[in-house]
Amino acid sequence: MIYFEHVYKHYPAHRDALRDVNFHIAAGEMVFLTGQSGAGKSTLLKLLALIERVSSGQIILSGKNINKLKNSSIPFLRRKLGLIFQDYQLLMDRNVFDNVALPLVIAGYSQKDIKKRVRAALDKVNLLHKEKSCPITLSGGEQQRVGIARAVVNKPALLLADEPTGNLDPELSKEIMNLFEEFNRVGVTILIASHDLYLIQQLQKRTIRLQQGCLVTI
Amino acid sequence: MSTEIVLRRTTPPVLHQMQSILFCHWKALLMTFKELLNTPVATIVTATVIGISLSLPAGLYTLLQQAKAFSSPWQDMNHISLFLKKETDLESINKLRTTLQTLPHIEKITHITPQQALQEFRDYSGFGEALDSLQHNPLPHVFIIDPQLTLHNKQQLEQLFSTLKTFPEIDIAQLDIEWLQRLYSLFNIFYQSILLISILFSLTVLLVIGNTIRLNIENKKEEIIVIKLVGGTNRFIRRPFLYRGLWYGVYGGLLAVLLVNGSLWVLQTPVKDFLLTYNSPLQLQFMPVHDTFLLVVMSMLLGLIGAILAVNKHLHNIELE
Ligand SMILES: Nc1ncnc2c1ncn2[C@@H]1O[C@H](COP(=O)(O)OP(=O)(O)OP(=O)(O)O)[C@@H](O)[C@H]1O
Ligand SMILES: [Mg+2]
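Thresholds, definitions, all that
- Residues numbered from 1 in each chain as written.
- Chains lettered and ligands numbered in written order.
- Predicted model: local features only at pLDDT ≥ 70, side-chain atom pairs only at ≥ 80, totals over all residues.
- Heavy atoms only, no water.
- Domains from an automatic or database assignment.
- Pairing = 2+ DSSP bridges.
- Helix = DSSP H or I, 4+ residues; strand = E, 2+ residues; numbered from the N terminus.
- Axes fitted to C-alpha atoms, helices over the stretch in contact; angles between N-to-C directions.
- Parallel < 35°, antiparallel > 145°, perpendicular 65-115°, else oblique.
- Left-handed = near helix turned anticlockwise from the far one by under 90°.
- Contact = heavy atoms within 4.5 Å.
- Nonpolar A, V, L, I, M, F, W, Y, C, P; charged D, E, K, R; others polar.
- Salt bridge = Lys/Arg side-chain N within 4 Å of Asp/Glu carboxyl O.
- Buried < 20%, exposed > 50% of the residue type's maximum accessible area, 1.4 Å probe, protein only.
- Core = buried A, V, L, I, M, F, W, Y, C linked by side-chain atoms within 4.5 Å.

Caption draft 1: Structural view of the domain arrangement of chain B. Annotation of chain B at the domain level lists domain 1 (24–72 + 182–320) and domain 2 (78–176). The C-alpha centroid of domain 2 of chain B is placed 49 Å from the C-alpha centroid of domain 1 of chain B.

Caption draft 2: Representation of the sheet that holds strand β2 (residues 106–112) of chain B within the structure. Residue and element names in this part refer to chain B. With respect to topology, four strands assemble into an open sheet ordered β2-β3-β1-β4, the strand pairing being antiparallel. With partners counted over all chains shown, the strands left at the sheet margins are β2 and β4 (170–175), one partner each. Adjacent strand axes in the sheet meet at a mean angle of 20° when their direction is disregarded. Inspection of the sheet shows strand β1 (residues 80–84) paired to β4 by five bridges, in the antiparallel sense. Looking at the pairing, Leu 82 lines up with Ala 173 of β4.

Caption draft 3: Examining unusual backbone geometry more closely. All names here are of chain A. At Asp 20, a residue that is not glycine, the phi angle is positive and equals roughly 45°. Mapped onto the fold, Asp 20 is located in strand β2 (residues 18–25). With phi around 50°, Ser 62 is a residue other than glycine that occupies positive phi space. Considering the arrangement of structural elements, one finds Ser 62 in the loop between β4 (56–61) and β5 (64–65).

Caption draft 4: Spatial organisation of the packing of helix α8 (residues 221–229) of chain B against helix α9 (residues 234–276) of chain B. All names here are of chain B. Viewed as axis vectors pointing N to C, α8 and α9 meet at an angle of 150°, and their least axial separation amounts to 9 Å. Classified by the interaxial angle, the pair formed by α8 and α9 is roughly antiparallel. The crossing of α8 and α9 is right-handed. Of the residues in α9, those touching α8 at Ile 224, Ile 227 and Lys 228 are Asn 234, Phe 236, Ile 237 and Phe 241. Split into classes, the residues belonging to the contact of α8 with α9 amount to five nonpolar, one polar and one charged.

Caption draft 5: Structural view of the pattern of salt bridges. Summed over the entire model, instances satisfying the criterion amount to ten salt bridges over all chains. For the salt bridge of A:Arg94 with B:Glu223, the shortest nitrogen-to-oxygen distance reads 2.4 Å. Placement of the pair is A:Arg94 in the loop between β6 (81–84) and α3 (96–107) and B:Glu223 in helix α8, with the two residues belonging to separate chains. The residue B:Lys220 makes a salt bridge to B:Glu223 at a minimum N-O spacing of 3.5 Å. As far as the burial class goes, B:Lys220 and B:Glu223 line up, both buried. Connected through shared salt-bridge partners, A:Arg94, B:Glu35, B:Lys220, B:Glu223 and B:Arg244 make up one network.

Caption draft 6: Focus on the sheet that holds strand β10 (residues 214–217) of chain A. All names here are of chain A. Across the sheet, six strands lie side by side as β6-β7-β8-β3-β9-β10; this open sheet has mixed pairing. Sheet topology places β6 and β10 at the edges, where each strand pairs with a single neighbour. Along the sheet, successive strands turn relative to each other by an average axial angle of 20°, direction set aside.

Caption draft 7: Quick look at the nonpolar core. A:Phe4, A:Val21, A:Leu44, A:Leu48, A:Leu160, A:Leu191 and B:Ile213 are the most contacted members of the largest nonpolar core, which has 75 residues in total. No other element matches α9(B), which puts eleven residues into this core. Ignoring sequence-local partners within four residues, the contact set of B:Ile213 consists of B:Phe241, B:Arg244, B:Gly245, B:Tyr248, B:Ala307, B:Ala310 and B:Val311. Core analysis: the next-biggest nonpolar cluster, separate from the first, contains 39 residues, A:Met30, A:Tyr88, A:Ala151 and A:Val153 among them.

Caption draft 8: Quick look at the environment of B:Met31. Note on placement: B:Met31 falls in helix α1 (residues 14–38). Residues B:Met31 and B:Pro240, 209 residues apart in the sequence, show an inter-C-alpha distance of 7.9 Å.

As structure tokens, this is what we get:
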């Protein structure tokens with residue numbers, strides 16, 4: 001599903017955030033992306049979501065070279081992905097329901113569909129009873145579950161998570177990972193950037209390791 | 001759940017999308033309306049600045065329109081005013097009057113004595129007390145000549161005028177049509193000035209709305225980023241800001257209407273008294289309906305344009321990071 005071919009990424013201030021990265025992730029896989037701070041994990045995920053563009057090389061997603069995508073098409077790519085962030089990126093002035101509904105509102109779903117899908121997504125992350133709450137009143141783990149519900153509400157085939165458990169204690173982290181495993185079991189491809197090696201070991205999944213922009217384990 | 005990503009654009013069916021686009025616009029309209037009410041002070045300040053800016057040209061225009069309407073009946077009244085020399089005694093005045101009556105083309109001669117003129121001036125000018133302190137009446141005798149109504153030809157009128165000018169007792173002869181012509185050129189100058197003022201104040205409104213929208217964009221930076229991350233198009237992100245501009249314009253326009261009509265109301269009594277000096281029963285009118293409508297629509301358009309300019313300039317400064 002995902003092919004990286006000789007991918008380089010230079011930032012103006014940092015020459016080699018990624019250097020000649022090559023790997024393949026098959027559909028339905030759940031893969032961890034590790035490496036020390038500054039190794040390029042976030043950069044790699046940003047390239048996939050077209051938050052950044054590659055400096056050279058190609059990224060093939062479902063047979064399409066995403067670098068060739070016009071800027072105006074980027075939103076439509078993002079609607080096919082589920083993005084999950086370390087800092088959750090929730091809107092604090094809207095309640096849980098509206099936060100999860102956002103991708104559907106943007107994509108122009110009907111009120112009825114939105115209700116149905118949002119409820120289903122919230123049910124999966126066990127937060128149906130909090131739909132009227134404001135994110136600020138929720139714990140870190142709950143906020144991250146809202147973030148996950150928002151990422152899966154569009155039923156994406158690919159989930160990208162950048163340090164999804166970075167701000168959570170080990171127990172909550174385990175809970176979140178179990179959620180990811182559940183989604184993976186029904187066929188969603190998942191790529192998770194994390195430096196929580198203990199957690200990664202427990203889950204026994206394929207791991208990609210970056211070191212100063214280079215791939216060291218595939 | 002599918003296992004492959006298909007990079008196609010359409011998610012919901014097309015017909016459905018048409019409906020939902022309309023629904024999105026309606027929702028954005030309502031949402032921005034509510035948001036503006038949530039920050040009443042900021043909204044009121046912006047609307048007030050717009051309202052004041054627009055009320056000045058709109059108010060001046062309304063006044064001028066009415067001044068023009070008020071003066072138009074005079075177009076048919078070609079008076080000639082004859083101001084007599086101060087030293088002329090009553091006997092000569094009466095003799096002159098008799099002579100004038102023998103002239104052709106004169107319909108009516110009205111004699112206004114200095115006492116009458118002073119009284120009229122005292123009643124309507126508001127300078128009553130100042131006039132009381134005068135030692136003697138500075139006003140001359142005046143004859144107002146109404147030419148025959150058949151005398152509509154300007155040349156004939158001017159002929160009569162030059163005949164009248166030759167009498168030695170007459171200090172100043174005034175063909176009031178000249179005065180009217182001057183008034184009309186003055187009106188034109190005012191119209192041009194109002195046009196210039198309108199342009200300047202429209203620019204002010206654009207700047208005010210642009211700046212307000214820029215601040216709105218700053219305040220919504222996080223929301224914009226989240227929307228971009230979950231696949232919001234630029235159009236989706238722009239929409240609420242454009243509606244905001246529209247609302248600011250509507251509020252500002254309505255406020256301008258209020259300000260103009262409020263000012264007209266305040267001016268009504270003094271203007272009525274002033275018009276009475278011309279024996280006119282006319283009154284200052286409020287803004288006509290179509291002008292009101294035009295003002296609000298213009299204001300709305302200015303709001304929209306200001307918002308479009310601000311959004312185009314500032315929205316892509318917001319980068320995902
Ligand atoms: N926008 C940017 N401009 C310049 N340099 C950048 C930018 N983003 C990242 N970098 C640099 O690229 C390198 C990789 O950064 P990245 O954020 O991908 O690391 P990371 O593996 O996610 O680290 P962490 O575990 O701390 O999140 C870093 O050295 C960083 O300084
Ligand atoms: Mg990172």
